[in-house]
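Spelled out, the chains give:
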Amino acid sequence: MPRTVRDVVFVDGVRTPFGKAGPKGMYHETRADDLVVKAIRELLRRNPDLDPARIDEVAIAATTQIGDQGLTLGRTAGILAGLPQSVPGYSIDRMCAGALTAVTSTAGSIAFGAYDIVVAGGVEHMGRHPMGEGVDPNPRFVSEKLVDDSALFMGMTAENLHDRFPQLTKARADEYAVRSQEKAAKAYADGTIQQDLVPISIRRTSPEAGETGWGLATADEPMRPGTTLEMLAGLKTPFRPHGRVTAGNAAGLNDGATASLIAAEDFAREQGLPVRMRLVSYAFAGVEPEVMGYGPIPSTEKALAKAGLSISDIGLFEINEAFAVQVLAFLDHYGIADDDERVNQYGGAIAFGHPLASSGVRLMTQLARQFESHPHVRYGLTTMCVGFGMGASVIWENPHFDGGTK
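Residues numbered from 1 in each chain as written. Predicted model: local features only at pLDDT ≥ 70, side-chain atom pairs only at ≥ 80, totals over all residues. Heavy atoms only, no water.

Naming follows an unreviewed UniProt entry, where the protein chain appears as acetyl-CoA C-acyltransferase of Streptomyces scopuliridis RB72. Checking UniProt for the protein chain, the heading Sequence similarities (unreviewed entry) contains the comment "Belongs to the thiolase-like superfamily. Thiolase family." (UniProt positions renumbered as here; feature names shortened; annotations may be inferred.)

Caption draft 1: Structural context of the UniProt feature "domain: Thiolase C-terminal" (unreviewed entry) in the protein chain. Per the UniProt record, the feature "domain: Thiolase C-terminal" (unreviewed entry) sits at residues 276-397. Secondary structure within residues 276-397 divides into 34% helix and 26% strand; the distance between the first and last C-alpha atoms comes to 9 Å. (Helix = DSSP H or I, 4+ residues; strand = E, 2+ residues; numbered from the N terminus.)

Caption draft 2: Here's a closer look at the pairing of strand β12 (residues 390-397). Along β12, seven of the eight residues are buried, which leaves the element largely enclosed by surrounding structure. Note: strand β9 (residues 277-286) against β12, eight bridges, orientation antiparallel. Across the sheet, residue G286 finds its bridge partner in β12, namely M390. The pairing of strand β11 (residues 379-386) with β12 spans eight bridges and is classified as antiparallel. Each bridged residue has a counterpart across the sheet, and for V386 the counterpart in β12 is M390. Counting the residues in the hairpin turn of β11 and β12 gives three residues, including F388, whose phi is positive at 65°. (Buried < 20%, exposed > 50% of the residue type's maximum accessible area, 1.4 Å probe, protein only. Pairing = 2+ DSSP bridges.)

Caption draft 3: Seen up close, helix α3 (residues 98-112). The end-to-end C-alpha separation of α3 is 21 Å, in line with the 21 Å expected for 15 residues at 1.5 Å each. Residues G98, A99, L100, T101, A102, V103, T104, T106, A107, I110 and A111 constitute the buried set of α3. G113 lies just past α3 and shows a positive phi near 105°. (Expected span 1.5 Å × (residues − 1).)

Caption draft 4: Focus on the nonpolar core. The biggest cluster of nonpolar side chains holds 76 residues, and the ones touching the most others in it are I40, M364 and W396. Sequence-distant contacts of M364, defined by excluding residues within four places in its chain, comprise F10, L100, V103, M277, T382, V394 and W396. I297, A303, V327 and V343 belong to the second largest nonpolar core, which has 39 residues in total. (Core = buried A, V, L, I, M, F, W, Y, C linked by side-chain atoms within 4.5 Å. Contact = heavy atoms within 4.5 Å.)

Caption draft 5: Broad picture of the packing of aromatic side chains. A full pass over the atoms with the stated rule returns six aromatic pairs. Aromatic side chains F317 and F330 sit 6.3 Å apart centroid to centroid with 70° between the ring planes, which places their arrangement in the edge-to-face category. Remark: F330 occurs in helix α10 (residues 324-333) and F317 occurs in strand β10 (residues 314-319); sequence separation between them is 13 residues. Take F330: its relative accessible area is 1%, and that puts it in the buried class. Ring centres 5.0 Å apart and planes at 55° place the aromatic pair F330 and Y334 in the tilted group. We classify Y334 as buried; its relative accessible area is 15%. An aromatic cluster is present here, built from F317, F330 and Y334 joined pairwise through their rings. Taking NZ or CZ as reference, R15 lies 5.4 Å from the ring centre of F352, over its face. (Phe/Tyr/Trp six-rings, centres within 6.5 Å; stacked < 30°, edge-to-face > 60°. Lys NZ or Arg CZ within 6 Å of the ring centre and 35° of its normal.)

Caption draft 6: Up close: the pattern of salt bridges. In total, this model carries 28 salt bridges according to the counting rule given. Linked through salt bridges whose partners overlap, the residues forming this network are D12, R46, D196, R276, R369 and E372. (Salt bridge = Lys/Arg side-chain N within 4 Å of Asp/Glu carboxyl O.)

Caption draft 7: Broad picture of the packing of helix α6 (residues 170-189) against α10. One way to put it is that α6 packs onto α10 with a least axis distance of 9 Å and a crossing angle of 100°. Viewed along their axes, α6 and α10 adopt a mutual orientation that is roughly perpendicular. Contacts from R172, A173 and Y176 in α6 reach A324, V327, L328 and D332 in α10. Here the residues of the contact of α6 with α10 sort into five nonpolar, no polar and two charged. (Axes fitted to C-alpha atoms, helices over the stretch in contact; angles between N-to-C directions. Parallel < 35°, antiparallel > 145°, perpendicular 65-115°, else oblique. Nonpolar A, V, L, I, M, F, W, Y, C, P; charged D, E, K, R; others polar.)

Here it is as structure tokens:
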């Protein structure tokens with residue numbers, strides 16, 4: 001019996017405020033799975049017409065799947081969030097593109113007809129579980145020269161990208177970073193980001209006072225409004241003496257979670273759920289692990305080809321800012337100016353933070369907001385580089401498209 005491929009849509013997306021990893025970060029006393037639970041509950045609260053029993057799957061990504069990020073997070077977080085026990089779940093790992101892969105994997109199942117609606121997202125508590133905790137890379141990678149030593153250290157891969165493309169200077173990276181902070185500050189001032197943030201109760205311990213108190217996380221902790229080029233110029237280059245990658249032109253080590261509702265368009269409309277974006281195509285690609293930041297270029301080429309589109313058809317870009325140089329490499333490849341107004345309109349990970357496996361859905365949530373205010377734009381792109389040499393790209397269509405008139 002022949003099957004009809006169903007259109008897949010982004011119904012809604014939320015996230016926790018992102019925190020700084022470590023003892024001084026706001027989530028130091030908060031469990032990773034509890035962050036996911038809060039995000040799932042917020043999706044249900046915001047979409048009261050959705051019967052939780054109709055959810056077909058909960059796919060949650062984490063890069064370091066141990067401790068409170070282990071135990072098949074999709075299943076356990078679903079139960080903790082109050083979903084019926086009939087709702088299954090699973091975990092995903094594609095490093096930084098974990099949540100993005102949770103979306104695309106479940107979207108394929110929706111298109112096939114196996115699911116009607118799912119929860120897809122990700123979490124990373126880098127304070128509790130630093131990148132690489134507990135891993136044991138096979139020594140053959142280095143001994144047989146399958147990859148360069150630097151491939152295991154993301155900051156060094158960013159320095160390698162600067163080496164490969166000398167026109168991507170530290171000055172350009174710093175200038176890009178300052179703009180990211182400025183745009184993020186403006187988005188907060190305009191009340192744009194807060195619309196999709198889930199307030200999180202947090203416990204803080206004061207070693208000096210010997211006291212524990214409670215607070216509420218309502219904003220991203222890593223943001224540095226007022227950052228200037230002069231401030232960035234004096235920062236250390238931790239990955240290489242006299243290098244170009246600094247804490248100012250890269251995302252930090254962060255904690256946070258995201259969650260989204262992905263559905264078949266016919267199901268969403270039957271249930272009275274919002275249709276905020278329509279999935280057009282997606283693709284993943286591999287590159288040399290030692291220049292992993294180049295990954296979004298071939299993955300975007302593949303996604304565009306599958307959709308029958310060109311880069312000129314993309315009216316809005318959400319590019320994850322793991323490192324400024326990675327975004328600049330993408331923009332240079334496509335002949336897009338560093339300050340093009342279509343790119344990361346609300347700022348990016350350099351300002352908000354990058355809790356690895358959670359970030360893909362942050363990109364989607366921000367693009368969905370931009371689609372609402374840009375009905376003249378038909379297509380948008382969410383893309384990111386991925387550890388160990390990969391890129392991930394998803395092309396979306398704006399359901400509010402009015403034919404292109406501004």
